[in-house]
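Letter by letter, the chains look like this.
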Amino acid sequence: MNIIEYFQKLTKLKPIPEQCSLLTTLVDLNVKNQAVSCGRGFGKTLACAVATIYFTSELSKEIGRPINILLISSQAEMYDCIDRIFRDNPELTKRLRIQGITREIPSEEFEFEDTHSRVSRHKTTSKSIRSHRADIVLLDEAAGIPKEVIIIAQGCLTGDINKIVLISTPYKNSYFNEIVNEPKKHGFTLNTYSSEICPWQALTVERSKKNMTPQEYASEIIGRPPLKSEMQLFTNTHIDACCKTEVLKEGGPNSSLEAGLDFGFDPCATVLCITEKIGVRRKLLFLKVWYKNPIEVIAPEIGETLNKFDVNVIKADSHPPEYHGHIEKYTNKKINYIFTRGVKEVMIGQLKRKIAQHTLEIPENRKDLILQLRKYRMGMRTGDDLVDSLAFSIYEPDIPLQGGKPQVVVYFRPCKNHKA
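Residues numbered from 1 in each chain as written. Predicted model: local features only at pLDDT ≥ 70, side-chain atom pairs only at ≥ 80, totals over all residues. Heavy atoms only, no water.

1. What about the nonpolar core?
Formed by 45 residues in total, the largest nonpolar core has its most connected members in Leu-26, Val-36, Ile-53, Ile-82, Phe-86, Leu-92 and Phe-110. Put simply, the parts of the chain that give this core at least two residues each are helix 1 (3-11), helix 2 (17-26), strand 1 (33-38), helix 3 (44-63), strand 2 (68-72), helix 4 (77-88), strand 5 (136-140) and strand 6 (163-168). Examining the composition of this core, we find that 9 residues originate from one element, helix 3, more than from any other. Sequence-distant contacts of Phe-110, defined by excluding residues within four places in its chain, comprise Tyr-79, Ile-82, Phe-86, Leu-96, Ile-105, Ser-117, Arg-118 and Val-119. Among the nonpolar cores identified, the runner-up in size contains 30 residues, and Ala-269, Val-343, Ile-355 and Leu-360 belong to it. (Core = buried A, V, L, I, M, F, W, Y, C linked by side-chain atoms within 4.5 Å. Buried < 20%, exposed > 50% of the residue type's maximum accessible area, 1.4 Å probe, protein only. Helix = DSSP H or I, 4+ residues; strand = E, 2+ residues; numbered from the N terminus. Contact = heavy atoms within 4.5 Å.)

As C-alpha cells, this is what we get:
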C-alpha cells in the first residue's frame, strides 16, 4: 500500500494533488534533508502525522527492521493529531506495545509491538534531545525552533536512512526561513505549498487578503518568507503602542496644529489630516477622506476645516498642479505645496521614527488608518492615501515651512511715459 492509499485509509479523506506531492516526498528515503514550507491550513500536520505512522507501521515491515523517529515540537499539535488517527483506527491501537492511559497512545512515546518501531516526542531544547539517536528527525513548526536545536537535531541522526524534515509556516525570522530562502546553500530539498489552492481554505484566504499585510499574507497563506518589497515598514507592536482610546488636543504655548493634504481621485482619495505638534510628540486630531470627489466640490469643506481648526502650517502634495489655488479660495491660510520626489523617503522615515518611538498618538477607532499603516510598504501606488496624508502633516523639513496668511507681493514697473 503506497502512502496516498494509506492516507485515504486512515483519514477517509481524498488528498488534493499538492498534498499527494507532499506525502510522496515525505516518505522518500532518498531525500535526506527536507524543508517543507506551507501556508496555514494546508494540512501539513495531518500529512506528517500519517507519514510518521506509515514509516513506523508499514515501511518498517518492507525494509525488515525498526524505524525510530524523533519528533521535536514546542507544541503537542502533531502528536495529538497522531493520537486522533489511532483513535479513529482501533486496529493501530491494538498493535501498540503499551497503550495510553488517558488517550490512545502514551503521552511521550509509542512503539509498535510487531515492528518495534518507535516515535518519541521531545521539547525544543538542546538538553531534551542531545543524547537521543534516531533514523528520522522531524521538527514541527521549525520556524519557532532555535538554530542551535536544529543543528543538534541533525547530530541525533544515525544509520542509513538518516533523514531530517523541517516543516513549518515561515511566520517569523528564523534559521528555518534562512534554509527556505537558500535551500541549496544549506543542503536541503525545499517543498513549498500555498493554502490558496485548498478549497476548504477559500473563505479564510479571502478574509486574509483584506485583513493581512503583504508580509503576513506571504508567510501565513502562500507559505514562503516575504520578499523585501512585501516587508512591513511599520511593525504591529509599535503601531499598537501608538493607538490610544482617546486623543485630545492639549493646547498651550508649545502647541502647533499642522495639516497634511494628499490629493487623489479614483481609485485614490483626497485626505486631510491634522495633527497637534507638542515638542517631539504628535497627536492625530482630525482625519477625513473624500472618494471620487473633484477638488472643486470638496475645496470649500477643506478650507472651512482648516479655518475651524485655525491650522498653523499646511503641507500639501504638489501633484496634481491643477489642484493648486482651489482651496485658497476658501481660506486665508498659506498652503505649502511639496514636490515629493526625493522627499517622500524622508517623510516616511520621520513617520516611522515617530511610530517606533511611540511619540505619535492615534485614536484606536481610526481602523482605516491603522490598517493602512500595517499594510504600508515603499513604492505603493494605491491604498496609502491616509498614511501619506499623515506623513505630510508630521513632516519637518530642514528649513521650517511658513504658516499664516499668503504673502502678497506687489511689483512696480516704471511707465514708459513717466518722467523722473
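2. Some thoughts on unusual backbone geometry
Residue His-319 is joined to Pro-320 through a cis peptide bond whose omega torsion reads 0°. Its identity is not glycine, yet His-116 carries a phi of approximately 65°, on the positive side. Assignment of secondary structure puts His-116 in the loop between strand 3 (109-111) and strand 4 (118-122). One non-glycine residue, Glu-141, adopts positive backbone phi at about 50°.

3. Remarks on the environment of Ala-134
Residue placement: Ala-134 occurs in the loop between helix 6 (126-129) and strand 5. If sequence neighbours within four positions are ignored, Ala-134 has contacts with Asn-68, Ile-69, Leu-70, Cys-156, Leu-157 and Thr-158.

4. Description of the sheet that holds strand 7 (residues 189-193)
Strands belonging to one sheet form pairs held by backbone hydrogen bonds; the direction of such a pair is parallel or antiparallel. Strand order across the open sheet formed by 7 strands is 3-4-2-5-6-1-7, with mixed pairing between neighbours. With partners counted over all chains shown, the strands left at the sheet margins are strand 3 and strand 7, one partner each. Taking each pair of neighbouring strands and ignoring which way they run, the sheet shows an average axis angle of 15°. Here strand 3 pairs with strand 4 via 3 bridges, running antiparallel. The residue of strand 4 that forms the bridge with Glu-111 is Arg-118. Packed on one face of the sheet, helix 2 meets strand 1, strand 6 and strand 7 and runs near 155° to strand 7. (Pairing = 2+ DSSP bridges. Axes fitted to C-alpha atoms, helices over the stretch in contact; angles between N-to-C directions.)

5. Here's the deal with the sheet that holds strand 9 (residues 255-262)
Reading across from one edge, 8-14-11-10-9-12-13 is the order of the 7 strands in this open sheet, with mixed pairing throughout. Both outer strands of the open sheet, strand 8 (243-244) and strand 13 (336-338), are each paired with one neighbouring strand and no more. Bridge count for strand 9 against strand 10 (residues 269-278) is 8 bridges, and the pairing is antiparallel. Across the sheet, Asp-262 pairs through a bridge with Val-271, a residue of strand 10.

6. Side note on the packing of aromatic side chains
Under the definition given, this model contains 9 aromatic pairs. Pairing Phe-110 with Phe-112 gives two aromatic rings, centres 6.1 Å apart and planes at 90°, and the pair type is edge-to-face. Take Phe-112: its relative accessible area is 0%, and that puts it in the buried class. Between the aromatic rings of Phe-234 and Tyr-376, the centroid separation amounts to 5.7 Å while the plane-to-plane angle is 40°, which identifies the pairing as tilted. Placement of Phe-234 in the loop between helix 11 (214-222) and helix 12 (236-242) and of Tyr-376 in the loop between helix 15 (367-375) and helix 16 (385-394) is noted, with a sequence separation of 142 residues between them. Residue Phe-234 is classed as buried on the basis of its relative accessible area, which comes to 1%. The exposure class assigned to Tyr-376 is buried, which follows from its relative accessible area of 2%. (Phe/Tyr/Trp six-rings, centres within 6.5 Å; stacked < 30°, edge-to-face > 60°.)

7. Some words on the packing of helix 14 (residues 344-356) against helix 16
Axis separation between helix 14 and helix 16 bottoms out at 9 Å; the angle between their running directions is 85°. Judged by the inter-axis angle, helix 14 sits roughly perpendicular to helix 16. Within the contact between the two elements, helix 14 uses Lys-344, Met-347, Ile-348, Gln-350, Leu-351 and Lys-354 and helix 16 uses Val-387, Asp-388, Leu-390, Ala-391, Phe-392 and Ile-394. For the contact of helix 14 with helix 16, the class distribution of residues is 8 nonpolar, 1 polar and 3 charged. (Parallel < 35°, antiparallel > 145°, perpendicular 65-115°, else oblique. Nonpolar A, V, L, I, M, F, W, Y, C, P; charged D, E, K, R; others polar.)

8. Considerations on the packing of helix 1 against helix 2
The relative placement of two packed helices is expressed as an angle between their axes plus a distance between the axes. One way to put it is that helix 1 packs onto helix 2 with a least axis distance of 9 Å and a crossing angle of 115°. As summarised for this structure, helix 1 and helix 2 are arranged roughly perpendicular, according to the angle between their axes. Crossing of helix 1 over helix 2 shows right-handed handedness. Where helix 1 abuts helix 2, its residues Ile-3, Ile-4 and Phe-7 lie against Cys-20, Leu-23 and Thr-24. (Left-handed = near helix turned anticlockwise from the far one by under 90°.)

So yeah, pure geometry; function would need other evidence.
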